[in-house]
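The primary structure of each chain is shown beneath.
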Amino acid sequence: MKKEQLAFALNLLCFGALFILIKLLIGTYLPMSYIYLIGLSALLSSIFTPKFMVNNGDLFMKIPLFKKPIKL
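Got a sec to walk through the overall build of the chain? Specific residues and values, please.
From N to C terminus, the chain includes two helices and three strands. Tracing the chain from N to C terminus, the helices and strands come up as α-α-β-β-β. Taking 2.2 N^0.38 as the reference for a compact globule, 72 residues should give roughly 11 Å; the C-alpha atoms of the chain span a radius of gyration of 15 Å, well beyond that estimate. Sorting the 72 residues of the chain into buried and exposed places 18% on the buried side. Of the contacts made within the chain by residues no fewer than 6 positions apart, 36% connect residues no fewer than 24 positions apart. Surface exposure of the chain reaches about 5,500 Å², of which carbon and sulfur atoms provide 73%.

Structural data, given as C-alpha cells:
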C-alpha cells in the first residue's frame, strides 16, 4: 500500500471512529434533534481528529493542539 493511500485510510478511520464516539457521548447526555447531533458531532470530530500526511515519502501525524507533526 502506498503511503498516500495509507494516510487517506488512517484519516478516514480516525474520523469515523471519533465521529461515532462523539455522537454516542453527546446523544447520551444531551437530548437534541438528530440533525443537530450529526452536525455537532461532525464539527467536533473534524476539529479533534489527528491528521495524517505524507511529505517527501515519510508519513507524519499532526495531533490537534500540538505544534509539530510526529514522524511515523
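Can you lay out the sheet that holds strand β3 (residues 70-71) for me, pointing to particular residues and giving the numbers?
The three strands lie next to each other as β1-β2-β3, forming an open sheet whose pairing is antiparallel. Every other strand in the sheet has two partners, leaving β1 (51-55) and β3 as the edge strands with one partner each. In this sheet, strand β2 (residues 58-62) lies alongside β1 in antiparallel orientation, the contact comprising five bridges. Of the residues in β2, the one forming a bridge with lysine 51 is lysine 62. Each of β1 and β2 touches helix α1 (residues 3-29); the most contacted strand, β1, lies at about 170° to it.

Could you give an account of the environment of leucine 6, with specific residues and numbers?
In this structure, leucine 6 sits in helix α1. Setting aside its immediate chain neighbours within four residues, leucine 6 contacts Met1 and Leu59.

Conventions we followed
- Residues numbered from 1 in each chain as written.
- Predicted model: local features only at pLDDT ≥ 70, side-chain atom pairs only at ≥ 80, totals over all residues.
- Heavy atoms only, no water.
- Helix = DSSP H or I, 4+ residues; strand = E, 2+ residues; numbered from the N terminus.
- Rg over C-alpha atoms; globule rule 2.2 N^0.38 Å.
- Buried < 20%, exposed > 50% of the residue type's maximum accessible area, 1.4 Å probe, protein only.
- Contact = heavy atoms within 4.5 Å.
- Areas by Shrake-Rupley, 256 points an atom, 1.4 Å probe, with all protein chains shown as cover.
- Pairing = 2+ DSSP bridges.
- Axes fitted to C-alpha atoms, helices over the stretch in contact; angles between N-to-C directions.

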